[in-house]
Amino acid sequence: MSMTLRRLTRAATAGLVAAAALTAAAHSAEAADTLGSAAAGQGRYFGTAVAANHLGEADYTATLDREFSSVTPENEMKWDATEPSRGTFTFGSADRIVDHAQSQGMDVRGHTLVWHSQLPSWVGSLGASDLRTAMNAHINGLMGHYKGEIHSWDVVNEAFQDGGSGARRSSPFQDKLGNGFIEEAFRTARAADPAAKLCYNDYNTDGVNAKSNAVYDMVEDFKSRGVPIDCVGFQSHFNSNSPVPSDYRQNLQRFADLGVDVQITELDIEGSGSAQAADYTKVVEACLAVSRCTGMTVWGVTDKYSWRSGGTPLLFDGNYQEKPAHDAVLSALGGSGDPGDPGDPGDGTLSCTATYTRTADWSSGYNGQVTITAGDEPISSWTTTVTLPAQQSVSSLWNGTPTRSGNVMTVRPSWNGTLAAGASTSFGFTVAKNGSDAAPAVGTCTAS
Ligand code: G3I
């Protein structure tokens, strides 16, 4: 979608955003036992990294939509994905994630604008002056496209070296532009989207050590000179070689005391069972103890798609079952996963989720599909709504029975109302765009 069209789309779909907000409100009212709603009760978001190519998987999307209140595109906003050749921006995969998040009332973290990795080779071959121009154009290109849609951007990622020196990492930016590239990136970012929180993001900075000291000094310097910076991201990739540091809370607090928010941005902890659960508890408790720790993001929905899948570091296993670590996080957030809670197996509560994907797309239209998944009890019928942007119209709908009122369709089953616990069905529809490429909003699913 073009930059202009994205902004127009936002303006034209205020109703959709309102519908998404209603969906989110319904989520939190009915589900005090999800990570996102429990974190909201603490004034925090609870997010996950998302990969666009998994959004068509019903269990993946059902878990995402039920549990999380913020998403970070795992790879889709990186330089190689968004500007593979100079001046040619490609936003398709990132747009799919942002559209999905908005349809569910979730926030989006932007990751990442200036990073030495996943950097197309053309960037590394530029001379200093051209590189500076290209860096600023890249920031403007991404932030302009998503202006007003991203709550926090990782403006610069991983600019400091590992090891004890606290030195800057070698990269085309560091090597050709010198230390000043970081503040230049932040100044450009502030002008590009003044509403977005601007973060510096790094790993192995989670405890007090030489690397985090170097980042601390930079943030202190930025604050003293008025360089725009709002937050520091602590990636928090932990395993036995890099355990949760004992001074994690203290480290978050000292950054917060500089006058920036802190966010846990890529949390995962290798392990299993109660030991893994205990480590997750430490992280959540540390964030909750620091008032400027505004939210946490785990680096993926399910172990099977983790970048460290062999270490099973996430909250849901490969079958999307909640792990002890999930229950520990929920409990630390003040939520309740006790048997008998609404949504738990065996409590008799009939429930379902509705998840939207675009399955085909052409210039004048698209096909949408809504997957209905029963909750922990078998159901005999379901109802959901699909709210279209005002310009769009539906020309046909299959495997469901629609009732239309203005641009809202209420859809009930045709032959496919009966679903076993956890089972899915879907209905599809063809839409004429009539000039609007925006996604429809899918309402709460009601089961009987
Ligand atoms: O999409 C291609 C696919 O077409 C190809 O067949 C396949 C073959 O290798 O590669 C696929 O791309 C991979 C991509 O993930 C998508 O799965 C890349 O090889 C792989 O390198 C890439 O890894 C990502 C990694 O960043 C790259 O640095 C991980 O998914 C992503 O989780 C990881 O995330 C980083 C954060 O951005 C920054 N902090 C550390 C964190 C973990 O490394």
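Further up the page is the structure itself.
Computed from a prediction, not measured in an experiment: that's the story for all the values here.

Q: I'm lost on the overall build of the chain in this one. Help?
A: Looking only at helices and strands, the chain features 14 helices and 18 strands. A globule of 448 residues ought to have a C-alpha radius of gyration of about 22 Å, and the chain, at 22 Å, matches this closely. As presented, the chain carries roughly 16600 Å² of accessible surface, and 50% of it is formed by carbon and sulfur atoms. A gap of 8 Å separates the mean positions of the 31 positive and 48 negative side-chain charges of the chain.

Q: Looking at this structure, I do not really get the site of the ligand. What am I missing?
A: Around the ligand sit 14 residues in total, of which Glu74, Lys78, His111, Glu158 and Glu266 are the nearest. When the ligand sits alone it has 790 Å² of accessible area, and the protein chains cover 45% of it. Looking at side-chain class alone, the shell around the ligand contains 3 nonpolar, 7 polar and 4 charged residues.

Q: Which parts of the structure should I look at to understand helix α4 (residues 58-67)?
A: Helical periodicity: at 3.6 residues per turn, an α-helix aligns residues three or four positions apart in one direction. When you tally the buried positions in α4, you get 7 out of 10 residues, the bulk of the element. Considered for burial, the residues of α4 that qualify are Tyr60, Thr61, Ala62, Thr63, Leu64, Asp65 and Glu67.

Q: Sorry if this is basic, but what is going on with the nonpolar core here?
A: Across soluble globular proteins, nonpolar side chains have a tendency to be buried as a group. Within the largest apolar cluster, 92 residues are counted, with the highest numbers of intra-cluster contacts made by Phe46, Trp153, Val156 and Phe186. In this structure, valine 156 is in contact with Thr112, Val114, Phe181, Ile182, Ala185, Phe186, Cys199, Tyr200 and Asn201, ignoring residues within four places of it in sequence. Counting residues in hydrophobic clusters, the runner-up holds 23 residues, among them Tyr366, Ile372, Leu388 and Phe427.

Q: Looking at this structure, I do not really get the side chain of threonine 430. What am I missing?
A: Looking at the element boundaries, threonine 430 is found in strand β16 (residues 424-432). Assessed through its relative accessible area of 16%, threonine 430 is described here as buried. Polar contacts involving the side chain of threonine 430 include one to the side chain of asparagine 367, which spans 2.7 Å.

Q: When you look at the environment of alanine 159 in this model, what are you seeing that I'm missing?
A: Turning to its location among the elements, alanine 159 is positioned in the loop between β4 (152-157) and α9 (172-177). Note: C-alpha distance between alanine 159 and leucine 55 (104 residues apart in sequence) is 31 Å. Contacts of alanine 159, omitting those with residues within four sequence positions, involve Arg168, Arg169, Phe181, Ile182, Tyr200 and Asp202.

What counts and how
Residue positions within a chain follow its written sequence, with the count starting from 1. It should be noted that, the model being predicted, local features are given only for residues of pLDDT at least 70 and side-chain atom pairs only at 80 or more, the latter also being counted only at that level, while totals for whole chains, interfaces and linings use all residues. Think of the side-chain values as coming from all heavy atoms in the structure, minus any hydrogens and water. Under the scheme used here, helices are H or I runs from DSSP no shorter than 4 residues and strands are E runs no shorter than 2 residues, and both carry numbers assigned from the N terminus. Computation of the radius of gyration draws on C-alpha atoms alone. For the globule rule, the value is 2.2 Å times the number of residues to the power 0.38. Working definition of accessibility: Shrake-Rupley area with a 1.4 Å probe, residue cover restricted to the visible protein chains. Neither His nor the chain ends contribute to the count of charged residues, in which Lys and Arg are positive and Asp and Glu negative. We put the charge of a Lys on NZ, of an Arg on CZ, of an Asp on CG and of a Glu on CD. Any residue with a non-hydrogen atom lying within 4 Å of a molecule or strand is treated as near it. Here the term charged refers only to Asp, Glu, Lys and Arg, the term nonpolar to Ala, Val, Leu, Ile, Met, Phe, Trp, Tyr, Cys and Pro, and the term polar to all other amino acids, Gly among them. Partly exposed describes any residue whose relative accessible area lies between the buried limit of under 20% and the exposed limit of over 50%, with all areas from a 1.4 Å probe on protein chains only and scaled to the type maximum. Put simply, a nonpolar core is a bunch of buried Ala, Val, Leu, Ile, Met, Phe, Trp, Tyr and Cys residues held in one set by side-chain atoms that sit within 4.5 Å of each other. Whether two residues are in contact is decided by their heavy atoms: any pair within 4.5 Å suffices. Under the rule applied, a polar contact is a pair of N or O atoms within 3.5 Å (in protein, one hydrogen donor and one hydrogen acceptor; residues adjacent in sequence only if both atoms are side-chain atoms).

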